[in-house]
Structures are given as C-alpha cells and as structure tokens.
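# Summary of the model geometry
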Amino acid sequence: MLSKVKWGVHPDTRKTATEGKPIESNALPERVVIPVRQHLGAPCEPVVKKGDVVKKGQRIAAANAPLASHIHASLSGTVIEVADKPHPGLGQCPAIVIENDGQDAWEEGLLSERSWEKLSKEELLELIKNAGIVGLGGATFPVHIKLLPPKDSPIDTLIINAAECEPFLTADHRTMLEHSELVVTGVLIIQKVLSVKNVYIGIEDNKPDAVKVMQEACQGTGVQVRPIPTRYPHGAEKMIIKTLAQREVPSGKLPMSVGVVVQNVGTAMAIGNAVKYGIPLIERIVTVSGGAVKEPKNLRLRIGTSFQDAIAQCGGFSFQPDKILMGGPFMGVAQYTLEVPVIKGTNGILLLGKKELNSDLESACIRCGRCIEACPMGLNPSMLSILGERGMIDEAKNDYQLLDCMECGCCSFVCPAKRKIVQYVRYSKKLAAEKGGK
Amino acid sequence: MSVENSHQEDSANQLIVSSSPHILSNDSTQKIMWTVVAALMPAVIFAVYYFGVPAFRTLLAGSLSALIFEALVQKIRKKRVTVSDGSALLCGLLLAMCLPPAVPLFVPIIGSFIAIVIAKHSMGGLGQNIFNPAHIGRAALMVSWPVAMTTWTKMPSVIDTVTSATPLNILKQQGYEALIQTFGSQSDMYTALFLGFRNGSIGETSVLLLVIGGIILIYKRYIDWVAPVFMIGTVGILTWAFGGSNGLFSGDPLFHMMAGGLVIGAFFMITDYVTTPITRKGKIIFAVGAGAITVLIRLLGGYPEGVCYSILLMNCVTPLIDRFIQPAQYGRK
Ligand code: SF4
Ligand code: SF4
C-alpha cells in the first residue's frame, strides 16, 4: 500500500556507529551560551541581564514577536554576559551566557505533574508555548503556531516524522527506543490539540527495533506506526506526506493546505515533557558522530553546551576533521568554530574527514540525468545549475520551477561531475528574491 | 579534556565551510568514461584479433590523436586540461570503431580532429555539443573520402566465397538470397553476425561482445537499458514488417538487428549522455526515432547503413525533446 519510492538516494547511512548506543547524560558544562534566536522567526528579547542569578527552566528571553518561541535557562547559575556570540546557523547572534553554579536547581513552581487528558486545547497550547518548543527535526518552527492552523485549512491527519533519513543521525532512533511512552504521550497531546483522527508515525524501515517498540507503545491508542522505505530524503515533510497520506502539497503551499501537520518525534517527546511534567525545552538528544570522532555517541545535552564540550564527551578527535557540521551531511551547516552552542535544532554534530566528504573539482555537466532521477521534487537540477551559472534566473524560476527546490542535496550528491547544484540554486533563489515579486 | 586549545586553533583555521550537501557519491565523470572504454574492450580486442594489425593501427591513431587534440584545444582555450577524464579517449575510440579497419592512417586522425576540435570544442566543450562527435567525424570522413571509407578488407568467409562487401552492402546490391549464399545458410549467417566473423567497420563485428560490454554498463547503471532495447526493438519490428520482398511481415528482423553498426550504436552511441535526451521518456523517444530512421535509410535510402545518420538526425531534436519531456513534478498537478 505504500507508494513505490523512485526518487532520492540511498547513501551509506553510517548509523551503526551510534544506533546501538544508549543516550548518555554526562557532567554538565561549566557554562552555556544560549542564543536568543533558536527558531524560525524573530529573535527573542532577553529578560535577564549580566549579573542576574537564574534557575534551570527560568525564562531568560521572551518571544514578543508573533513568530517566536521563548527561551529558558538550561542551567542554574549566573548570567555573566549578554553579547554577540557565534551561532551554528546564523554566524553570529546575541546570546545569554550562564555560568554553572553546580546546583542544577529548578526554577520554583515550574515542575508539576498533570494529567493532560483533562486540559483543554487552549490550555495545552499555552503549556507548549510557554515551554518554548520548536520543531526539533531541524526546521525549528515554533510548535504552538504550527498547531494552530487557520480556520480555512481543516486538518485531518497528523504525521509524526521519525524517518531520520540523514546519514549518521540516530538521536530520534534512540529517543524512540528509550522514551517511547513519553513520545506517545506527546503524540496524543498533539492529536488532541489538532483534533485529528488519523495519526501516523513514519519510521524508515532500517530501524525495525524502533518500529516494534513504537508499535507496542501505541497499542490501543489508534496511532498507526508505519515503516517507510529507507531512502533519503524521506524525512522531508513533502515526501513523508506523500508516502503516508498519499497527498502532494501543491507548489508554494504548506502541508496544512492538504490537511496534514507533520511533527518530529523528538518534538513529540518535548511536548510530552512540557505538558505532563512542566519541563521546558532546555535539553535535547544529539548524535555526535563522523569519522573524526573518537567515540561516536548519542548525548543528552543542555541547550547552550558548546560543540567543543560535546565532542570532549566523546573522547575528542581521532584525527583533525576537515569539516564540522551541525545536522546531517545532506542539509547540515558547516561550522567555522567549535565554540558554537547546541541549540534547539541541533540533532547532530558531525566531524568529517576529507575522505568522507569526497569533494572534488567541479566540471561540466555531462547530462547523465542522474540528478533528475534523484530529485524528489521532479525538477531538472542539471538545467537549474546551468541557468544559475549563467545568471538566467527568470528562466530557472518560470520554466524550471526554481522555487520548488527544497535544497535536499540529492542532485549534488549523485552528480558525477561534482556540480555544486544546490549552491547554484541558493544563489539563484537569492537573486530571484532580490528581483522581488512576480 | 582531550581537545586541547592549541589543537583547536589549528582545526579552526583548516575547517572547510562550504555549503551543503557535504558528502558526495564516489562516482565521477572520469570513472564513468573509463568504464565505458573498458566495456568496449572485449569488442576492440576481438576486432584486433580478427582484422589484424591494420585495425590496431587505426584504433591507436584515432584514440591517441583524440587525446592530443583535446589537450591542445584546452591549452589554447586556456581551460583546465581534462584528458584524464577519458571522454576524449572514448570519442576517439568510438570514431575509430566506426571506420573500416584498413583505412589510410590520416583518416582516423582527421576524423578525431573533426570530432574533438570542431564537433566538441567549437560548441563549448564537454557537455555542450549537440551532435555525437564521433558520428560527426565519421560523417565528414564519409563525404570527404567516400572510397577509403567504403573499402573493406576481404572477409575470410566461413565458406569458400570471398567477398569484400559488408553484409548490408550485399543485401542492398544483390538481395537477400545472395546474402544467405555468402554465409552458406541462414543459420550460419546468424552465427557469423552474432560472433563477429563478418566484414564491416572495426566496431561492427561481434554482437556478442558488444552486448556483453553494454550489459556491464547497464548493470553499473551507467546507461539506461531503454535506449538499446527500444532502438534495436524498433529496427527489428520495422524490418520484419517492411523489410521483406513477399509483402508485410516477411523481413528478416534478426539479420537487421545484428547487422551493421546497430548494436554498437544502440549500446554505445545513443547512450552518450551529452547528445541524447536527459529523461527516460526522452531516451525512449530518441531510441525509437533513431531506430525508425535507420530502417528508413536501410530499406529506402541510398546508403546500405543508416545508424550513423539516424543518430545525428535525432541529435538535432534532442534539445526539443528535453524541452517538452519534463520529469513528473511534485505538487504541480
Ligand atoms: S548529475 Fe550532474 S552531470 Fe549528470 S545531468 Fe545532473 S548536473 Fe549534469
Ligand atoms: S533540485 Fe533541489 S529538490 Fe531536487 S534534488 Fe536538487 S536540491 Fe533536492
């Protein structure tokens, strides 16, 4: 019944390094650097200043804009600085630096066990909003907004994205194995907020253990656990919607236009934590892997922990990495320093060597057609790259659907001429945006 | 902590900060081209064994001169010299395989010049040319030196008859009966064509060995099976339907499918990425078109063989096919 998957690529998933390793919680860092922008949208405004004493879970930056999400202290201690700091996604961003007082003391009145079943939709949404929850799959869209679709888009399907299709990453996999109950609680909460009937959890079929654990945890809830073919980028919203709901999101529209909301499985757990126990989003599961890591691991890390601290918990480098990424190798962001902190959207830290990168000089397109076969959106990446190279942006936009590209990277991955197709696409999109309108 | 600070500085200076994706598959243009060259080797080696030293000399001249011309042009155009990518070698080799074994030495060299310098680089280099360079080379030679291009070595026939014409020539000039007689019997003819004991261009010999090479490329997913299957299939069906002298469906499709340059054309020429459509649907249209034109030329045209011209003609419409046959797009129904 699952539609046959023809698009995408099937790289070496490299997950064996960490998929069997339980999530580790180690000593807390001496300090955390917490950027005021860790979500898609407007930055938060700091509500603490240098010298303030803060408790774990205390709100330290407030979401005053409509599209934003509160930020909380992930440690108890003293604010020693509020200043621009390196940010793994934005380059630089104002951040609140907290020095650990070693107490790890919770903000008073925060923790409370609730039976969520008795709460109304509005109350649930408020709890989610106050906990500062964003999409943890990497997109970091504020969840309380995604769960409040406009009246004219009735939602009938919730998809929990547990595909985890990027190579190396196993954070979601371990989350399901170790916290299935909390995940299911979160899923049921989202279901209640959206009042939807169909709920699917989509898991790539290279994780049969997770499929089994989730099936057991979902028994009697009506939530359907669906193994889906292992193929990158099956975790892309549009792809998992097509496979599980047999719907295509029209070009330029959001999933809600076809009645679907997609949430990541880690997000579901965070929602479970927030609603059931009152715990705001102050930590997350991060896979630290790649050839240059001595001991690849899945870590539970406080938001604001530096990459350097995280890597130290994994025994440091086995050799000098040539590239350090936040996220997976297909869509991750290359870092220029290890000072950057783990933020809400950090699902992985990868340290890669030249051999794994396999990069080479770019050459002319030989029109082999592999990029076309691989493109999940059905585009012609070869033409997009050529038009981008020549600066023919209007043609790329109007005749070759430039704006439909989701920058998944399949085309660049398969290209034997090593063409930097995604880079041309980004460049063209930027030019198109500057030209504006139309 | 095992990540010391000094270490740290170092690494920070060397980190690559390019944009995603960060991993690439390990296929490369070079690997593909060299694999295609390797896939041609069984047929090449057989041709050298069968036709002897002249064929070897022609192959060597074609390939080497192609490499040299490529390097020279790139030097002059001040481009990165990419002879190691194998595309020029492949082009020279394919051109030589389209020639009679014993042509004068200048023929493959001039052919390579036309293929590399005129057909490939004057259009902008690898990936830009509309026409298959090897076939442009061959077509130009055909017009310029028609005699040299159609003088065949004597075919060491399985029976006593000795002939210096290709099977398609015999068919065109003397008819099907004469053709069968040349080989002895129909089944002898099929065997000879299949194994490669026949007259023709260097690369037109052994169907068996060419197909083996082609299957390796299909298996490695370097070429799409639809191209050879649809082209050879089209030729088979059309010659069966219209190729006989006793009305419809009295032709000999097996002969036509194995004769001439069809097999090398279908497996190695219309699978050239640059000059054929980029989508699978487009490839099918191309293959059927090339097959149909081949039959048209063979049955009605002035030349005994039509593979080369049919491919060149279809090359012309490749940009058009690509323009209209677009992949099925997500979310745009
Ligand atoms: S994969 Fe690369 S070489 Fe092949 S058609 Fe696409 S852009 Fe061209
Ligand atoms: S063109 Fe865009 S959507 Fe298609 S494979 Fe490339 S990056 Fe992905």
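Residues numbered from 1 in each chain as written. Chains lettered and ligands numbered in written order. Predicted model: local features only at pLDDT ≥ 70, side-chain atom pairs only at ≥ 80, totals over all residues. Heavy atoms only, no water.

## As for the site of ligand 2
Put simply, the rule reads: By convention in these notes, a residue is near a molecule or strand provided one of its non-hydrogen atoms lies within 4 Å of it. All amino acids are sorted into three groups, where Ala, Val, Leu, Ile, Met, Phe, Trp, Tyr, Cys and Pro are nonpolar, Asp, Glu, Lys and Arg are charged, and the leftover types, Gly among them, are polar.
Residues in close proximity to ligand 2 include Cys375(A), Pro376(A), Met377(A), Pro381(A), Cys405(A), Met406(A), Glu407(A), Cys408(A), Gly409(A), Cys410(A), Cys411(A) and Val422(A), which together make up its full environment. Within the shell around ligand 2, the residues separate by chemical class into 10 nonpolar, 1 polar and 1 charged.

## A few points about the site of ligand 1
Near ligand 1, the surroundings consist of 13 residues, among which Cys365(A), Cys368(A), Gly369(A), Cys371(A) and Cys415(A) are the closest. Nearby residues place ligand 1 at the junction of chains A and B. Of the residues contributing to the shell around ligand 1, the split by class is 9 nonpolar, 2 polar and 2 charged.

## Quick word on the sheet that holds strand 7 (residues 91-100) of chain A
Residues and elements named next belong to chain A. Threshold: For two strands to count as paired, DSSP must find a minimum of two bridges between them. For helices the rule is a DSSP run of H or I covering at least 4 residues; for strands it is a run of E covering at least 2, with both sets numbered from the N terminus onward.
The sheet built from 4 strands is open, its strands ordered 1-7-6-3 with antiparallel pairing. Two strands close off the open sheet at either side, each with one partner strand: strand 1 (31-35) and strand 3 (53-54). Sheet topology note: the strand 3/strand 6 (residues 77-87) ladder contains 2 bridges and is antiparallel. Each residue of the ladder has a partner; that of Val-53, found in strand 6, is Thr-78.

## Quick notes on the interface of chain B and chain A
Convention followed: Here, two residues are considered to be in contact whenever any of their heavy atoms come within 4.5 Å of each other. Buried area counts how much accessible surface, traced with a 1.4 Å probe, disappears from two parts once they are put together, with both parts' losses summed. Whenever a carboxyl oxygen of Asp or Glu lies within 4 Å of a side-chain nitrogen of Lys or Arg, that contact is scored as a salt bridge. Whenever a nitrogen or oxygen atom comes within 3.5 Å of another N or O atom, the pair is scored as a polar contact, on the condition that within protein one atom can donate a hydrogen and the other can accept it, and that pairs from neighbouring residues in sequence are kept only if both atoms are in side chains.
Each partner contributes residues to the interface: chain B has 50 residues there, and chain A has 74 residues. Together, the buried faces of chain B and chain A total about 5100 Å²; carbon and sulfur atoms form 51% of this surface. Here Asp404(A) ties to Arg332(B) by a salt bridge, and the two come within 2.6 Å at their closest N and O atoms. Our count for the contact surface shared by chain B and chain A stands at 29 residue pairs in polar contact (both at pLDDT 80 or more). When contributions to the side of chain B that touches chain A are tallied by element, the ones reaching two or more residues are helix 1 (5-14), helix 2 (29-51) and helix 16 (307-324) of chain B. Among the elements that line the side of chain B that touches chain A, the one with the most residues is helix 1 of chain B, at 6 residues. Taken together, the residues of the side of chain B that touches chain A sort by class into 20 nonpolar, 22 polar and 8 charged.

## Quick look at the domain arrangement of chain B
All names here are of chain B. What counts here: Domain limits in this description derive from either an automatic procedure or a database domain assignment.
If you check the domain split of chain B, you get domain 1 (29-149) and domain 2 (167-323). With centres defined by C-alpha atoms, the gap from domain 1 to domain 2 works out at 21 Å. Facing 34 residues of domain 1, the contacting portion of domain 2 comprises 32 residues. The contact between domain 1 and domain 2 buries some 2900 Å² in all, and 76% of this surface belongs to carbon and sulfur atoms. Run the count over domain 1 and domain 2 and you get 0 salt bridges. Here domain 1 is connected to domain 2 by 6 residue pairs in polar contact (both at pLDDT 80 or more). Of all the elements in the fold, those that place two or more residues in the side of domain 1 that touches domain 2 are helix 2, helix 3 (53-76), helix 4 (87-97) and helix 6 (133-144). In terms of residue count, helix 2 provides more of the side of domain 1 that touches domain 2 than any other element does, 12 residues in total. Class assignment of the residues belonging to the side of domain 1 that touches domain 2 gives a composition of 25 nonpolar, 7 polar and 2 charged.

## Topic: the side chain of Lys238(A)
Let me state the cut-off plainly: Using a 1.4 Å probe on the protein chains alone, a residue whose accessible area is under 20% of its type maximum counts as buried, one over 50% counts as exposed, and one in between counts as partly exposed. Neither His nor the chain ends is counted toward charge; the positive residues are Lys and Arg and the negative residues Asp and Glu.
Locating Lys238(A) in the fold gives a position in helix 6 (residues 237-245). Among buried Asp, Glu, Lys and Arg side chains, Lys238(A) stands out as unpaired, with Asp404(A) the closest opposite charge at 5.7 Å.

## A word on the sheet that holds strand 16 (residues 348-352) of chain A
All names here are of chain A. Pairing within the open sheet is mixed, and its 5 strands lie in the order 13-12-16-14-15. Each edge of the sheet is formed by a strand with only one pairing partner; in this case those strands are strand 13 (297-302) and strand 15 (333-334). Pairing geometry for strand 14 (residues 323-326) and strand 16, over 4 bridges, is antiparallel. By the bridge assignment, Leu-325 is partnered in strand 16 with Leu-350.

## As for the packing of aromatic side chains
Going by this rule: Two aromatic rings, drawn from Phe, Tyr or Trp (for Trp, its six-membered ring), form a pair once their centres lie within 6.5 Å of each other, and the interplanar angle then sorts them: stacked below 30 degrees, edge-to-face above 60, tilted otherwise.
The final tally for this structure, using the stated rule, is 11 aromatic pairs over all chains. A centroid spacing of 5.2 Å and a plane angle of 55 degrees characterise the contact between Phe330(A) and Phe413(A), whose relative ring orientation is tilted. Residue Phe330(A) is found in the loop between strand 14 and strand 15, and its partner Phe413(A) is found in helix 13 (residues 410-414); the two are separated by 83 residues along the sequence. Centre to centre, the rings of Phe46(B) and Phe197(B) are 5.7 Å apart; their planes meet at 80 degrees, and the pair counts as edge-to-face.

## A short note on unusual backbone geometry
Looking along the chain, the bond that leaves Tyr232(A) and enters Pro233(A) is cis, with omega of 0 degrees. Within the fold, Pro233(A) resides in the loop between strand 10 (224-228) and helix 6. A cis amide bond, omega -5 degrees, links Ser20(B) with the succeeding residue Pro21(B). Residue placement: Pro21(B) occurs in the loop between helix 1 and helix 2. The phi dihedral of Arg367(A) falls on the positive side, at around 60 degrees, and the residue is not glycine. Relative to the assigned elements, Arg367(A) resides in the loop between helix 9 (354-357) and helix 10 (370-374).

## A few points about helix 3 of chain B
Residue and element names in this part refer to chain B. The following threshold applies: Working rule for helices: expected span equals 1.5 Å times residues minus one.
The end-to-end C-alpha distance of helix 3 is 34 Å, a good match for the 34 Å that 24 residues give at a rise of 1.5 Å each. Burial in helix 3 covers these residues: Ala-55, Thr-58, Leu-59, Ala-61, Gly-62, Ser-63, Ser-65, Ala-66, Phe-69, Glu-70, Val-73 and Gln-74. At the exit of helix 3 stands Lys-78, carrying a positive phi of roughly 55 degrees.

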